[in-house]
Structure formats: C-alpha cells, structure tokens
Amino acid sequence: MSHPDFRFTIPPIKRLAGDANLQIGHPADQSSWVWASGKTGRETAFIEFSLEFDWAHDRPLEFHVTADQRFQLYLDGKDVAFGPDRSDVAHWPVSSLSIPVEPGRHVLKVLVWTLPLASDPTPSPDELNPLGKPLAIAPMAQMSYRGGFLLCAAELEDFALLNTGEANWLCRDVTPAVSMKRVEGLSYHDIGPSFTVDLDAWASDQEPKPAVVIRSPLQNQKTGVLRDGWVLDATYLPEQKRERLSGGKIRAVRGASDDAWQEGGDDATADWQGLLCDAKSVVVPANSEVDVLWDFEEYRCGYPYFEGQGGDASIDIEWAESLYHREEGKAFNAHCMKGNRSEIAGKFWLGFGDVFTLPKSVGSVVSPLLWWRSGRYIRLRIKTGSEPLTLTRLEVVTTGYPYQIDAKWDSSDAEWNDVMQLMATGLEAAAHETWTDCPYYEQMMYVGDTRLHGLSNYACYEDDRLTRRAIELFDWSRLGSVGELISERYPCHLRQESCTYAMMWVWMVHDFLMWRDDFDFVRARLIGIRSFLETMFPLITNEGVLGPIPGWPFVDWDRGWDTGCGPGVREGDSSILSLHLVLTLKAAAEIEAAVGEPLMQQRYLEKAKELMDATIRVYWDSDRNLLLDSRMSSATSEHAHALALLTELLSEDHEAACLEALLNADFDAHCTIYFSHYLLEVLARYGQSEAYFEKLKFWRGLPAQGFVSLPEAPEPSRSDCHGWGAHPMFHSYASVAGVRPGAPGFAKIRVQPMPGPLENFRAEMPHPCGEIVVTGQRREGRMVVEVSAPAGVEVDLDETYCF
C-alpha cells in the first residue's frame, strides 16, 4: 500500500518578490531554526530531534516543516514525511502537513542530516583524504545553506506547543554512528556517499540535549536590510510515494566470493525465496559468510530495509542495474558490456550500496533509511561473528513521484503495446522531487532531458506539477549565473553551464504554453526568456551566425564526436548551434504572441529569419546539396538537417534537400536515443511513416535483451534507466495518433494521425478540459479515424497521412 500523503498547499502570501527575507512570505517565517549545540552547521551531522506533547484537540495536527539538508519526520513511530523537496536556498521548500490524530500524548521524531558540499571550503579534517579532498560529499543535486531544522504550527495557539525555538525540542547526535565513503569504480556517480551505519551506536540511549536556536523568526524589515540564507517557499508537490515491496527472485546464494555468478547454487536459495515471498525467516549461522543475489525482475527506486534478531554481524546491501561481462586484459568498469540484462551466469558484479553493522546480542534491529538507491539487482553480503543472525523481513521501501498514468494506448501491434508499458516504467523511475536524468548515477535534472520528460508528462499524465516545478527551477537558476544563463542542470551545488541546453529551456516554456492552459505561469517566465536572449544576441558574429558560446555546448552523444560536441561546436563555427538559437527565437516569439508584447514577437521573428538566412548562406554545401555541420570539415549529421527542417524557415528547395538527405544520405553523425526525438518529430511532421516506424526498432528490441527500463545508449550503455528515452511514448500519442495542440492553452486540438502499418489503434489522453480519444480502424484498405474531445473544444482532423 502506498504511503498516505498528509501534505496540503497553503495560499500564497501577497508579497513582492524583491521583499524575500525582508517581509514575512511564509507562515513558517514566524518560527526559529534550531540545531544541535556545538555544531557549526557546516560539517557532517546526523541529528535526531524529538518532541513529546499532549494534543487536546479534535482537529488534525497541522504544521509546516523543513530542514537543511534532509529530514525524515515520524509521528508515534510511523513515517509521515520526507523532505524537503529539492530546490535552492532562495526558494527553500516547506512542507505543510495535516495529520489526523487522537487527543492524547504524542511523540514527533525528526531525523535531519547534512553533508559537506563539493564547493564547501571548510570540511572538517577527518573528512579529508591525504590529498586534502573531501572523502564524501552530499549528492550533487543537493543545495544547502547550513544545517538546520524548523517546525512551525499552523495555528497560533499551538506555537508554544510545537514550534522549534519555543517548544521543548530535544536532540540526539547520532553522527558517530555513520561513516561514509565516496563511490568508486562507477562512471560519474554523484548521488552522494555509501553509508556504513553502526546500529548499536545509532540506537544508543545517550541523553538528549535541548536544541539551540540558530536563526530567530523573521521580523518585517522596514529599512530594506536583507537577511541572508533560506527564503522559505511553499511546495506544491505531493509527498513521494513510499511502498514496501519484497518479491522478485533469488537468483543465487553462495559463500563469500568475487568470482563470476552462476544460477542457483546453495541449497539455501529456496529459504531466501521464502523470506521474500512467504514471510519466512532465514537464519545465517554464526561464523559464516553468505552472498545472495536478489533480482527484482523490475526496476526499483527505494530504500533498502530489513528486520531481524541476533547480532555480531555486518550486512552489505549493494545495488546494480545489471551484471557485467569481464574481458581478459581489459579494465573492468561501468563501460563494460552487460549483455542480456536478465542473464547472470558467467557475469560479474559491479555496484554500490550501504553497510549495516550489528553488535552482539542486539535483539530486534530495524535498518534506518538514509538515501534511496535504484536498480534491478541487490547483492546482499552478510558476515556473522560468534552469533547467528535471523532475518525476518527483507524489503525495498520504494520511492518516487506518485504518478498514475491517465493515458491509455492499444493497437494491433501487441509488441509495441508492451514497449509502451516499458517506457512508462522508465519515465516514472526518473520522477522524484525533480525529474532526474538517471536514478542510479546522478539523480540530477538537466534541461535537455527534462524537456523530453515534460512532453511525455503532458501527453500521458494529467498531473503536470513536476514539469511545472522543473520550469520554475531552471528559471531560478539564472540568479546564480553571470549573464542570466539557464544552468544546464539544476538544482546543483556545482554549477554547470551549457547554452545549448539553456536554449532548450525556452522550448520547455513553449511546450507548457501549448499543452497546458495556465497563461499566468507562462507570463511569469517572460523576464527570464528576455534576459537570457539578451545575453545570447551579442554572441552572433558579423557573419550573422552564432559564434562561440559559454560552457559546454552539448548536442548529442554520437560516439564520433568530442564529448557530445560535433565539428566546430566548441569553436563556435557550427550550423547546429545557430539552428538551436533559431528554434529558440521562434519559440520565444510564439510565447510573446500569446502572453507578451507584439513588438517583442516581431523582434524575435526578424532575428530568427536573419539568423536562418545566414546559417544557410554560410553552411550550405551546394555541390552535395547538404547542410554542413561546420566550415571546419566536410562532416554532415542528421542533427543539423533535422533542426533545419523543424525551423520551418527553409526555402522549398532547401526543405526538399534536407528531407531527402534525412531519408537517404550517408551522414557522418547519427542521432542517438536522446536526439532521436527531434528526428522523429521531423518524420512525423512530413508524414514519413515508413522511416518513422523503422526508427522504432531500437525500442522494440529492448524486452528481448532483458531490459526492464530504458538505457542511456546502445551497448555498451553506462546506465539502464534514463526516462527521457520514453519519448516514443509521447510520439505514439502525438505523432501516430497525431494529437497536438492547435493553439496556445490547448484551446484547439489538431489531429493528424500517421498510423503506418497499424490495422487499428486507440489513444486516450488527458486534456486541460477533459479527455481526448482517438480511434483508428482500417477498413477496405483505408484507416477510418474518429475523435472524441471535451465539449466546446474545436478539433481539426487532418487525415492526410492516414494511408
């Protein structure tokens, strides 16, 4: 059963944005921040706060709560809320909770922890390796001001009873129970450290001490002197779902070994399977070691959890997305081949996780939940001392954004129907407090990735809050930039720049404008769009094309390119860069037309036309009738031709040549999984159904290779779960069923189906005013299409591509 959501959204307080931390902007500003005595707030700390109180009311217990960096809140031993939702210090999220409780004595416990950031100049000496670098840092997506905890009652009469700084909040420092190490051996793994938890020290009965105030309530400031640090902000996201899952399959049980795995093995396999499926206990004898391989048979994100009795043991719980092949004489790392993801025989383990140590005769133990992991497999390594260990429960407390898919797809292509389910799984595995590029390696939100997440969100899910939040967060990232740039990834405590991704943020806003009907939200983004474009205009050269741009000008992961950058991209001599800006200007112009200024619309359209004309003049190869990537080489790519066609600013001759090239040319660079979205967009726009369905072969082949989610790239693939790889799910609705917004706010529905070889299909999808249903049935060689739409919404059905 999923975890209940006790969050509620408070109405915003009317306050000018420039008055943040000058005027009270959130009810929780009326409470104090507290921390443990003797702690600076900059060092690693795990602090458990507690409050016993008598509740004399018949109404729910309501309060606002937040912490820096992370908190887990329990009421009477039951988990209620984890947070805060990831954001930045200038928009620090506060959860508002309404919990039904009976009158009587209650106990609140809140575990709060903070880790040093990579940018923190003052880690403690014991957190440094011999080279003076931090041994373990917070997840890269974690931003922070300093360690702290705040709780504020929703009702004034409850302030003295509940508020931090007023009520009798106590705290217990359990930092000594946790040691950490950075994850090694995995390619760019940046979701924080591996934890080793001493469960004896964790459960110690040390005398709790009073929490100390580190920041008093905010007082309305009349003279404009700004208080630094947290600016409290109400979150509108729901609580992450938490569900206890066991099940799956024990693939092998063996003694301690780092050799290749083989199926089955120890006679205890059935006993361990009984622990997962039948709630039977497993006893690990004293003075023994056991190595267990657990296959979920699906992709999971969650916290490892176990219960048991006994002691004098260590339990190492590691996660992996797949096992790996190992080649003689070659380095063994995350870029090795994995083969079929469902096969383990003859393959080796490479993963990461956490260790829990149990003292002698500890009695009943329950593992704490520190940070969520992800993957398909768990390797459980247990080493016992002088006492046996009995495990009575082994689970994953799953976590993720509580999506429930609203769209429905069915067609005569049973194979593709199954792939649609796989793509939904992959997309939802990337949905958490933000969209994540991948849950296993980074858990960060990148603009280009998130744009694709958002399109699938709009087409398949009525709930758009996570994508709305993403647009806001990227907008806020301008505040930490030199020149109003959108950060490539955000939230993130080490800033990364990419103007190509920054331009795609404008595309994201345009997507929202078209697929949703909240014009005020889009209008609030205008200042960010205008500021960003004013930063880009001076980068246009005297030739009229875009020159060198700041940061990492990432385009795609073609293996022949330099870290995602094709010929001339880093040097600023690239048709692809200019085409990115053309598309950005067109998107901005349509946004201005809908919610902004006609003069700004006209300005952007004129600049887009000038830039497009210059791009063709500079980069068109008349001899080959192709668009060059750069004047620095003769190389050509699918990327440049696809983007050029998407601008809709080509002459008829250039348009025909670009389309012919995409269908038949032998390019030097081809779109990978990520950039294939733009290629599919072109093929759908021009009704090239044969080429479109041919491009889907990669996704069709995933189930047979044992995939339970979506890989980052064809083999060798670093990651097996990238939600943006679900973009063909979006295209099934938007390109095959052909449903697109025909006007801002989805005020008009345009339907242009491209069913290709399908005999029939049915697509149901959400609309701001209700539901859209499109059905197609081939009769006597002709596809007959019917559309049902919300009352009062105009439908434009174009059956041009229904061959």
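Keep in mind that this is a model prediction, so the values were computed, not measured.

### So, the overall build of the protein
So, point 1. Each helix and strand in the protein was counted, giving 17 helices and 33 strands.
So, point 2. Rg of the C-alpha trace for the protein: 28 Å, near the compact-globule value of 28 Å for 803 residues, within the 12% margin.
So, point 3. Principal-axis analysis of the C-alpha atoms gives the protein an extent of 80 × 75 × 60 Å.
So, point 4. Going through the 803 residues of the protein one by one, you find that 60% of them count as buried.
So, point 5. The contacts in the protein between residues at least 6 apart in sequence include a share of 75% that link residues at least 24 apart.
So, point 6. Of the roughly 30,600 Å² of accessible surface on the protein, a fraction of 49% belongs to carbon and sulfur atoms.

### As for the packing of helix α6 (residues 465–476) against helix α7 (residues 499–515)
So, point 1. The N-to-C vectors of α6 and α7 enclose an angle of 145°; their axes lie 10 Å apart at closest approach. Along this stretch, α6 crosses α7, giving a crossing that reads as left-handed. Taking contact as the criterion, the partners of Arg468, Ala470, Ile471, Phe474 and Asp475 in α6 are, on α7, Trp505, Met508, Val509 and Phe512.
So, point 2. Classifying every residue of the contact of α6 with α7 by side-chain character gives seven nonpolar, no polar and two charged.

### Let's talk about the layout of surface pockets
In this approach a probe as big as a water molecule rolls over the atoms, and the regions it shows empty are the leftover space.
So, point 1. What the largest pocket holds in volume is close to 1,200 Å³.
So, point 2. Together, 34 residues line the largest pocket, and Arg15, Ala17, His91, Asp233 and Trp476 are the ones closest to its centre.
So, point 3. Of all elements in the fold, only β14 (232–234), α6 and α8 (519–523) reach the threshold of two or more residues within the lining of the largest pocket.
So, point 4. Class assignment for the residues of the lining of the largest pocket results in 18 nonpolar, eight polar and eight charged.

### Quick word on the sheet that holds strand β32 (residues 782–788)
By definition, the strands of a sheet pair up through backbone hydrogen bonds, in either a parallel or an antiparallel sense.
So, point 1. Read across the sheet, four strands follow the order β25-β30-β31-β32 without closing on themselves; strand pairing throughout is antiparallel. Two strands in the sheet have a free side with no partner beyond their single neighbour: β25 (408–411) and β32. Neighbour-to-neighbour, the strand axes of the sheet open up by a mean angle of 10°, direction not taken into account.
So, point 2. As paired strands, β25 and strand β30 (residues 760–767) are joined by four bridges and run antiparallel to one another. From the neighbouring strand, Lys408 faces β30, where its bridge partner is Glu764.

### Here we look at empty space enclosed by the protein
So, point 1. Evaluation of the coordinates by the stated rule reveals seven cavities of 30 Å³ or more.
So, point 2. The wall of the largest cavity is formed by 14 residues, among which Arg70, Trp371, Trp372, His432 and Glu433 lie closest to the centre.
So, point 3. Grouping the constituent residues of the lining of the largest cavity by class yields four nonpolar, six polar and four charged.
So, point 4. Quantified by volume, the second largest cavity comes out at close to 100 Å³.
So, point 5. Looking at the lining of the second largest cavity residue by residue, the classes come out as seven nonpolar, three polar and three charged.

### Observations regarding the packing of helix α12 (residues 638–647) against helix α14 (residues 676–685)
So, point 1. Relative orientation of the contacting elements α12 and α14 amounts to 50°, with a least axis distance of 9 Å. With respect to α14, the element α12 is oriented oblique. The crossing of α12 and α14 is left-handed. Between α12 and α14, the residues in contact are Glu638, Ala642, Leu645 and Leu646 and Tyr678, Leu679, Glu681, Val682 and Arg685, respectively.
So, point 2. A breakdown of the residues in the contact of α12 with α14 according to their chemical character gives six nonpolar, no polar and three charged.

### Description of the side chain of Arg451
So, point 1. With respect to the helices, strands and loops of the structure, Arg451 is situated in helix α5 (residues 447–460).
So, point 2. Note on Arg451: relative accessible area 12%, which makes it buried.
So, point 3. Setting aside residues no more than four positions away along its own chain, Arg451 makes contact with Met504, Trp507, Met508, Asp511, His677 and Tyr678.

### Digging into helix α4 (residues 414–429)
Within an α-helix, residues lying three or four positions from one another point in the same direction, as the helix has 3.6 residues per turn.
So, point 1. The end-to-end C-alpha distance of α4 is 23 Å, a good match for the 22 Å that 16 residues give at a rise of 1.5 Å each.
So, point 2. Within the span of α4, buried status applies to Trp416, Asn417, Val419, Met420, Leu422, Met423, Ala424, Gly426, Leu427 and Ala429.
So, point 3. The secondary structure elements touched by the buried residues of α4 are β19 (289–310), β25, α5, α16 (697–700) and α17 (727–736).
So, point 4. Residue Asp413 occupies the N-cap position of α4, its side-chain oxygen lying 3.3 Å from the main-chain nitrogen of Glu415.

### A few points about the packing of aromatic side chains
So, point 1. Considering all chains together, one arrives at 39 aromatic pairs under this definition.
So, point 2. Judged by centre distance (5.7 Å) and plane angle (90°), the ring pair of Phe82 and Tyr303 falls under edge-to-face. Residue Phe82 is found in strand β5 (residues 78–83), and its partner Tyr303 is found in strand β19; the two are separated by 221 residues along the sequence. Per residue, the accessibility class of Phe82 equals that of Tyr303, and both read buried.
So, point 3. An angle of 75° between the planes, with centres 5.0 Å apart, marks the rings of Tyr145 and Trp230 as edge-to-face. In this pair, Tyr145 is assigned in the loop between β7 (104–114) and β8 (148–153) and Trp230 in the loop between β13 (212–215) and β14, connecting sequence segments 85 residues apart.
So, point 4. Using a relative accessible area of 2% as the deciding quantity, one classes Trp230 as buried.

### Things to note about the nonpolar core
So, point 1. In terms of nonpolar packing, the biggest core is built from 151 residues, with Trp409, Trp515 and Tyr733 touching the most fellow members.
So, point 2. Broken down by element, the residue count for this core peaks at 14 residues, all from α7.
So, point 3. For Trp515, the residues in contact, after removing those within four places along its chain, are Leu455, Tyr458, Ala459, Phe730, Ala734, Val739, Arg740, Pro741, Phe746, Met765 and Pro768.
So, point 4. Counting residues in hydrophobic clusters, the runner-up holds 71 residues, among them Leu199, Leu293, Ile344 and Trp371.

### Some words on α7
So, point 1. Taking 1.5 Å per residue as the helical rise, α7 with its 17 residues ought to reach 24 Å, and the 25 Å between its terminal C-alpha atoms agrees with that figure.
So, point 2. Across the 17 residues of α7, 17 count as buried, placing the element largely inside the fold.

### Notes on the pattern of salt bridges
So, point 1. In the structure shown here, the tally under the stated rule is 59 salt bridges.
So, point 2. When the shortest N-O distance is used, the salt bridge between Arg59 and Glu157 registers 3.6 Å. Taken together, the residues span a long stretch of sequence, with Arg59 in the loop between β2 (45–55) and β3 (61–68) and Glu157 in the loop between β8 and α1 (159–162) at a distance of 98 residues.
So, point 3. Residue class for Arg59 comes out partly exposed when judged on its relative accessible area of 24%.
So, point 4. The residue Glu442 makes a salt bridge to Arg718 at a minimum N-O spacing of 2.9 Å. Of this pair, Glu442 sits in the loop between α4 and α5 while Arg718 sits in the loop between α16 and α17, placing them 276 residues apart in sequence.
So, point 5. Judged by relative accessible area, which is 9%, Arg718 ranks as buried.
So, point 6. Here the salt bridges share partners, and the residues they tie into one network are Arg254, Asp258, Asp291, Asp316, Glu318, Arg379 and Arg381.

### A short note on the sheet that holds β2
So, point 1. Spatially, β5-β4-β7-β2-β9-β12 is the arrangement adopted by the six strands of the open sheet, whose pairing is antiparallel. The sheet terminates laterally at β5 and β12 (209–210), the two strands that pair on one side only.
So, point 2. As paired elements, β2 and β7 share 11 bridges and run antiparallel to each other. Pairing of Phe46 across the sheet is with Trp113, part of β7.

### Things to note about unusual backbone geometry
So, point 1. In this structure, Pro84 follows Gly83 across a cis peptide bond, with omega equal to -5°.
So, point 2. Along the polypeptide, Pro84 turns up in the loop between β5 and β6 (92–99).
So, point 3. Here Tyr490 and Pro491 are connected by a cis peptide whose omega angle stands at -5°.
So, point 4. Checked against the element boundaries, Pro491 lands in the loop between α6 and α7.
So, point 5. Despite not being glycine, Asn21 has its phi angle at roughly 65°, a positive value.
So, point 6. With respect to the helices, strands and loops of the structure, Asn21 is situated in the segment before β1 (33–35).
So, point 7. Even without being a glycine, Asn625 presents a positive backbone phi close to 60°.
So, point 8. As for its position among the elements, Asn625 is in the loop between β26 (620–621) and β27 (626–627).

Parameters at a glance
- As a convention, each chain's residues are numbered from 1 in the sequence order in which they are written.
- Only residues with pLDDT of at least 70 are given local features in this predicted model, and only at 80 or more are side-chain atom pairs given and counted; all residues enter the totals for whole chains, interfaces and linings.
- Neither water nor hydrogens contribute to the side-chain values; these are computed over all heavy atoms in the structure.
- We count a stretch as a helix when DSSP gives it H or I for four or more residues in a row; a strand needs E for two or more, and each element gets its number in order from the N terminus.
- Within these notes, the globule rule equals 2.2 Å times the number of residues to the 0.38 power, and the radius of gyration is based on C-alpha atoms.
- Each residue is placed in one exposure class: buried if its accessible area under a 1.4 Å probe, protein chains only, is under 20% of its type's maximum, exposed if it is over 50%, and partly exposed if it falls in between.
- Two residues qualify as a contact provided that any one of their heavy atoms is within 4.5 Å of a heavy atom in the partner residue.
- Accessibility throughout is a Shrake-Rupley quantity obtained with a 1.4 Å probe, and a residue counts as covered only by protein chains that appear here.
- Between the N-to-C directions of two axes lies an angle of 0 to 180 degrees, each axis being a line fitted to C-alpha atoms and, for a helix, fitted only over the stretch in contact.
- Each helix crossing is assigned a hand: it is left-handed if the near helix lies turned anticlockwise from the far helix by less than a right angle, otherwise right-handed if that turn is clockwise.
- Each residue receives one of three labels: charged for Asp, Glu, Lys and Arg, nonpolar for Ala, Val, Leu, Ile, Met, Phe, Trp, Tyr, Cys and Pro, and polar for the others, Gly being one of them.
- Using protein atoms alone on a 1 Å grid, points that fit a 1.4 Å probe yet trap it form a cavity, whereas open point sets bounded by protein on both sides within 12 Å along at least five of seven lines form a pocket; residues with an atom within 4 Å of a point count as lining.
- Grid points are joined across faces, edges and corners, and a volume is the space filled by probe spheres set on the points.
- If DSSP finds at least two bridges between two strands, the strands pair.
- When an angle is under 35 degrees it counts as roughly parallel; over 145 it counts as roughly antiparallel; between 65 and 115 it counts as roughly perpendicular; any other value is oblique.
- For a helix, the expected span equals 1.5 Å multiplied by the residue count minus one.
- Side-chain atoms alone can form a polar contact between residues adjacent in sequence; in general such a contact is a pair of N or O atoms within 3.5 Å, and within protein one must be able to donate a hydrogen while the other accepts it.
- Put simply, two rings from Phe, Tyr or Trp (the six-membered ring, in Trp's case) pair if the centres are within 6.5 Å, and we call them stacked under 30 degrees between planes, edge-to-face over 60, tilted for the rest.
- Buried Ala, Val, Leu, Ile, Met, Phe, Trp, Tyr and Cys residues form a nonpolar core when they are joined through side-chain atoms within 4.5 Å.
- Salt bridges are defined by distance alone: a side-chain nitrogen of Lys or Arg within 4 Å of a carboxyl oxygen of Asp or Glu.

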